[in-house]
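Here is what each chain is made of, one letter per residue.
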Amino acid sequence: QVQLVESGGGLVQPGLSLKLSCAATGRTFNNLAVGWFRQAPGKEREFVATVRWSSGYTVYADSVKGRFTIARDKPKNTVYLEMNSLTPEDTALYYCAVGSPIISAITRSDMYHTWGQGTQVTVSS
């Protein structure tokens, strides 16, 4: 059973960057997809980005495309989410999750079966 530990959240000013980490313990990511989701207060959880561990295939939400980059570090069994040009609208609790979704459902949160505890990102001046 894989367990996920997120880190890297914090308070940052608009326009700046932050890098989140999602480390796996218990087993490797192997053939799983590792996704990042976020949930702002009063809003539903939304998809941010995902990467298929074995192939490196990535998908991004339109709202973060061109600003966020998801990357895997195989030796460290860790997935990163590099977030640039942050805006207050990016403020949320960010979760990483793993699952085995088919490509057509890779952005659906119900396709991911194991979740981390979340890390808070606050973008404010």
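Check the entry above for the structure.
Attention shifts here to the overall build of the protein. Looking only at helices and strands, the protein has zero helices and eleven strands in total. The order of helices and strands in the protein, counted from the N terminus, is β-β-β-β-β-β-β-β-β-β-β. Whereas a compact globule of 125 residues would reach a radius of gyration of roughly 14 Å, the protein reaches 13 Å, a difference of no more than 12%. With the C-alpha coordinates aligned to their principal axes, the bounding extent of the protein is approximately 40 × 30 × 25 Å. Per-residue burial over the protein gives 45% buried out of 125 residues. Put simply, of all contacts in the protein between residues at least 6 apart along the chain, 57% involve residues at least 24 apart. A total of about 6,300 Å² of accessible surface is found on the protein, and carbon and sulfur atoms cover 48% of it.

Moving on, we come to the sheet that holds strand 8 (residues 78–83). The strands making up a sheet associate through hydrogen bonds between their backbones, and the pairing can be parallel or antiparallel. A sheet is described by the order of its strands in space; here four strands give the open sequence 1-3-8-7, paired in antiparallel fashion. Both outer strands of the open sheet, strand 1 (3–7) and strand 7 (68–73), are each paired with one neighbouring strand and no more. Averaged over all pairs of adjacent strands, the angle between strand axes in this sheet comes to 15 degrees, irrespective of strand direction.

This brings us to the pattern of salt bridges. According to the stated counting rule, one finds five salt bridges in the structure shown. Across the pair D110 and R108 runs a salt bridge, and its minimum N-O distance is 2.8 Å. D110 sits in the exposed class, given a relative accessible area of 51%. Through salt bridges with shared partners, a single network forms among R38, E46, R67 and D90.

Structurally, the position occupied by G26 is in the loop between strand 3 (18–25) and strand 4 (33–39). Placed 22 residues apart in sequence, G26 and L4 show a C-alpha to C-alpha distance of 8.9 Å.

Along the chain, T78 falls in strand 8. Expressed as a C-alpha distance, the spacing of T78 and A23, which sit 55 residues apart in the sequence, is 4.4 Å. Those residues in contact with T78 that lie beyond four places of it in its chain are S21, C22, A23, F29, W53, A71, R72 and D73. Within the local environment of T78, its side chain forms a polar contact with the backbone oxygen of K76, the two atoms lying 2.8 Å apart.

The rules we used
Residues numbered from 1 in each chain as written. Predicted model: local features only at pLDDT ≥ 70, side-chain atom pairs only at ≥ 80, totals over all residues. Heavy atoms only, no water. Helix = DSSP H or I, 4+ residues; strand = E, 2+ residues; numbered from the N terminus. Rg over C-alpha atoms; globule rule 2.2 N^0.38 Å. Buried < 20%, exposed > 50% of the residue type's maximum accessible area, 1.4 Å probe, protein only. Contact = heavy atoms within 4.5 Å. Areas by Shrake-Rupley, 256 points an atom, 1.4 Å probe, with all protein chains shown as cover. Pairing = 2+ DSSP bridges. Axes fitted to C-alpha atoms, helices over the stretch in contact; angles between N-to-C directions. Salt bridge = Lys/Arg side-chain N within 4 Å of Asp/Glu carboxyl O. Polar contact = N/O pair within 3.5 Å; in protein donor to acceptor, adjacent residues only side chain to side chain.

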